[in-house]
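# Summary of structural features
One letter stands for each residue in the lines below.
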Amino acid sequence: MRTVPVLTGADAATLIADSAVITISSSSGLGCPDALLEAIGHRYAETGSPGNLTTLHPIAAGDMYGIKGIDHLCRPGQLRRVLAGSYPSGGSKLDPPLIRQLIHNDQIQALNIPSGVLFQMHRAASTGQPGVLTEVGLGTYADPRIDGAKMNAVTDDFVQLMEVDGNEYLFYPAVDVDVAIIRATAADPHGNLSYQEECSTLGALDQAYAAHNRGGIVIAQVKRLSENQLPTQDVRIPGILVDAIVVDPDQMQTTQTFYDPALSGEVHRDLDEIEPVEFGLEKVIARRAAAELQVNATVNLGFGISAAIPRVLLEEGHADDVTWVIEQGAVGGFPATGFAFGCALNPQALLQSIDQFTLLQGGGFDVAMLSFLEVSGAGDVNASYLPARPHVTAGVGGFNDIITRAPKIVFSGYFTAGKKDIQIADGQLKIISDGLIAKFVPEVAQISFSGDMGRKRRQEVLYITERCVIELTEDGLTVIEIAPGVNLEKDVLAKAGVPLLVSPDLQLMSSALFRPASMGLILSRKPSRIAEFIREPVSAPERPGPNGHSAP
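Residues numbered from 1 in each chain as written. Predicted model: local features only at pLDDT ≥ 70, side-chain atom pairs only at ≥ 80, totals over all residues. Heavy atoms only, no water.

### Some details on the pairing of strand β35 (residues 501-508)
Side chains on a regular strand alternate between the two faces of the sheet. Where strand β34 (residues 476-482) lies against β35, four bridges are found, and the strand directions are parallel. Residue Ile 482 lies in a different strand from β35, and its bridge partner there is Leu 508. Handedness of the crossover is the feature at issue here: the chain leaves β34, passes through helix α11 (residues 488-493), returns alongside β35, and the resulting connection is right-handed. (Pairing = 2+ DSSP bridges. Helix = DSSP H or I, 4+ residues; strand = E, 2+ residues; numbered from the N terminus. Right-handed = clockwise from strand over helix to strand, strands pointing away.)

Here it is as structure tokens:
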């Protein structure tokens with residue numbers, strides 16, 4: 001039976017030729033084959049080879065907190081072009097990672113392709129299909145009528161606009177792959193790979209297919225070797241696809257986390273140790289966003305303020321009432337925050353990212369809980385780009401894939417930016433001094449979500465801030481709720497950088513949102529798809545919830 005050689009990182013690096021196209025499986029620190037990338041970088045520093053590389057990263061390779069990832073490959077002349085769903089990101093006071101500097105200085109070509117699409121481009125390449133035809137990205141920065149997903153002036157055109165049966169689509173060409181660099185937990189002598197200590201397999205299988213099926217090579221970094229053949233049910237990538245193994249016993253499970261078995265679903269952890277969200281404006285916003293959820297809903301979670309929503313539900317006794325789906329692959333469980341974002345404690349299942357994106361792109365979930373940097377008068381959202389400090393955001397990631405067919409989208413963010421003094425007292429909001437930077441602006445720096453497309457698709461879209469709730473309607477951005485203590489004219493309409501409409505049925509946000517104690521959140525129940533065929537239990541009497549709605 002075929003055996004797969006175990007190589008040092010240095011020896012594995014010699015397998016990669018100049019001008020190769022390399023696909024790398026990673027999600028920031030999660031699943032990053034960092035030791036192997038470091039070995040490739042060292043080889044280039046010593047020999048000048050492999051250079052002129054093209055790399056593909058459906059989700060960022062590495063981070064700014066100890067796992068260099070793609071930065072190992074950023075010596076002059078080593079990279080020619082990068083296609084990535086996201087890029088290493090970090091705090092505004094940190095120096096930009098090397099990859100960002102190369103892009104900013106027009107030293108390499110760079111594209112920010114939606115993560116789900118980039119995964120699908122691998123599947124297309126592995127089966128000889130020309131590429132991916134999709135609505136994902138229409139009307140956004142990825143649309144060739146806008147930026148075409150290009151990140152600088154030296155990047156060649158890539159995304160194409162096509163029409164089929166009178167409908168517009170974007171076409172993302174497949175990219176032939178020479179080398180796939182993936183990661184797993186263990187490998188047996190035949191090259192079979194298991195992922196029992198990983199938080200997700202990400203897109204490793206399809207990335208391996210993309211290289212293998214066109215005669216390329218697949219190199220797998222693992223934490224350990226198994227002397228015996230792995231149990232069949234544990235194998236996630238068969239050894240027939242793997243050409244070489246590199247062992248790194250020190251590989252991190254994810255950023256700043258060597259190994260936590262609750263993130264890989266091997267043990268169940270009590271959630272009592274989860275820190276509550278500190279009372280303040282962020283918690284107010286997360287609470288109001290949480291009130292939009294329903295019992296039994298399937299919900300996608302983004303980064304930013306929205307990442308606090310699961311902790312709000314936990315405090316309110318609703319942690320088990322919704323099922324979270326995260327683009328990296330976790331289904332269910334409790335979404336992790338901080339350095340482990342993208343993972344979940346106690347997940348019910350860990351899917352491949354590409355399969356999770358099948359659910360998300362198809363709108364097979366109920367609500368997307370996302371965040372915004374700025375919003376235009378047309379309802380466009382920028383969630384992916386800060387011109388002054390681009391590395392503060394990771395890029396678009398799976399955002400475009402998620403919002404394309406989401407039935408309902410809840411965007412969370414502050415109403416203004418900059419230094420401000422906003423206090424919460426006695427169930428009211430007191431704006432002493434406001435931020436000088438408007439976040440509702442005539443035009444956003446980058447269109448991550450198109451308000452026009454949202455209206456055409458009849459999506460329910462809300463923008464939740466600390467002082468008001470705004471709805472995207474056919475007529476425009478409409479204020480539907482304001483916080484108690486807030487003056488509509490002075491604190492909302494005058495502070496927005498664009499005209500806002502006001503609902504004739506304007507409501508007050510519940511004062512419970514603005515008190516430190518539990519707000520007594522009551523969620524309505526999502527109707528069952530098969531309710532007409534089964535006898536449902538008698539529901540409790542209706543009671544008003546903190547968002548003004550009643551719950552059965």
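### Regarding the packing of aromatic side chains
Evaluated as defined, the whole model comprises seven aromatic pairs. With a centroid separation of 5.6 Å and 20° between ring planes, the pair formed by Phe 411 and Tyr 463 is classed as stacked. Of this pair, Phe 411 sits in strand β26 (residues 408-412) while Tyr 463 sits in strand β32 (residues 460-464), and the two are 52 residues apart along the sequence. Exposure class is identical for Phe 411 and Tyr 463. Each is buried. Taking the ring centre of Tyr 259 as reference, the NZ or CZ of Lys 223 above it sits at 4.9 Å. When the ring centre of Tyr 414 is taken as reference, the NZ or CZ atom of Lys 420 above it lies at 5.3 Å. (Phe/Tyr/Trp six-rings, centres within 6.5 Å; stacked < 30°, edge-to-face > 60°. Buried < 20%, exposed > 50% of the residue type's maximum accessible area, 1.4 Å probe, protein only. Lys NZ or Arg CZ within 6 Å of the ring centre and 35° of its normal.)

### Overview of the environment of Asn 152
Counting through the fold element by element, Asn 152 comes out in the loop between β6 (131-134) and β7 (160-164). Considered as a pair, Asn 152 and Asn 105 are 47 residues apart in the sequence and their alpha carbons are 8.5 Å apart. Setting aside its immediate chain neighbours within four residues, Asn 152 contacts Ile 103, Asp 106, Ile 108, Gln 109 and Ala 110. One polar contact links the side chain of Asn 152 to the main-chain carbonyl oxygen of Ile 108, over a distance of 2.9 Å. In terms of polar contacts, Asn 152 uses its side chain to reach the side chain of Thr 155, at 2.5 Å. (Contact = heavy atoms within 4.5 Å. Polar contact = N/O pair within 3.5 Å; in protein donor to acceptor, adjacent residues only side chain to side chain.)

### Re the nonpolar core
Core analysis: the biggest nonpolar cluster contains 127 residues, and Ile 113, Leu 193 and Tyr 463 have the highest contact counts within it. Ranked by residue count, the leading element in this core is helix α6 (residues 281-290), at six residues. Setting aside its immediate chain neighbours within four residues, Ile 113 contacts Leu 83, Ala 84, Gly 85, Leu 118, Met 121, Tyr 141, Ala 149, Phe 158, Val 159, Tyr 172 and Val 396. By size, the runner-up hydrophobic cluster in this structure holds 30 residues, among which are Ala 12, Ile 16, Cys 32 and Cys 74. (Core = buried A, V, L, I, M, F, W, Y, C linked by side-chain atoms within 4.5 Å.)

### Section: the layout of surface pockets
Remark: the empty space left among the atoms is shown by a probe the size of a water molecule rolled over them. Approximately 470 Å³ is the volume attributed to the second largest pocket. Considering the residues around the second largest pocket, the lining is formed by 25 residues, among which Arg 100, Ile 103, Met 151, Tyr 385 and Pro 390 are closest to the centre. Looking at the lining of the second largest pocket element by element, the count peaks at four residues for helix α3 (residues 98-104). In terms of residue class, the lining of the second largest pocket is built from eleven nonpolar, nine polar and five charged. (1 Å grid on protein atoms, 1.4 Å probe; cavity = no way out; pocket = protein on both sides within 12 Å on 5 of 7 lines; lining within 4 Å. Points joined across faces, edges and corners; volume = space filled by probe spheres on them. Nonpolar A, V, L, I, M, F, W, Y, C, P; charged D, E, K, R; others polar.)

### A few points about empty space enclosed by the protein
For the coordinates displayed, the defined rule picks out three cavities of 30 Å³ or more. Looking at the largest cavity, the residues that line it are Arg 183, Thr 185, Glu 197, Glu 198, Lys 223, Gln 251, Met 252, Gln 253 and Phe 258. Residues belonging to the lining of the largest cavity are distributed by class as follows: two nonpolar, three polar and four charged. Forming the boundary of the second largest cavity are Gly 137, Leu 138, Thr 140, Ile 403, Thr 404, Phe 449, Ser 450, Met 453 and Arg 457.

### A short note on the environment of Leu 73
Mapped onto the elements, Leu 73 comes out in the loop between β3 (53-57) and β4 (79-84). Considered as a pair, Leu 73 and Leu 37 are 36 residues apart in the sequence and their alpha carbons are 7.2 Å apart. Beyond its immediate chain neighbours, meaning those up to four positions away, Leu 73 contacts Ile 24, Leu 37, Ile 40, Gly 41, Thr 55, Gln 78 and Leu 79.

### Looking at the environment of Ala 383
Within the element layout of this structure, Ala 383 appears in the loop between β25 (381-382) and α9 (399-403). Under the relative-accessibility criterion, Ala 383 is labelled buried at 3%. The contacts of Ala 383, once residues within four sequence positions are left out, are Phe 303, Ser 371, Leu 373, Phe 399 and Ser 448.

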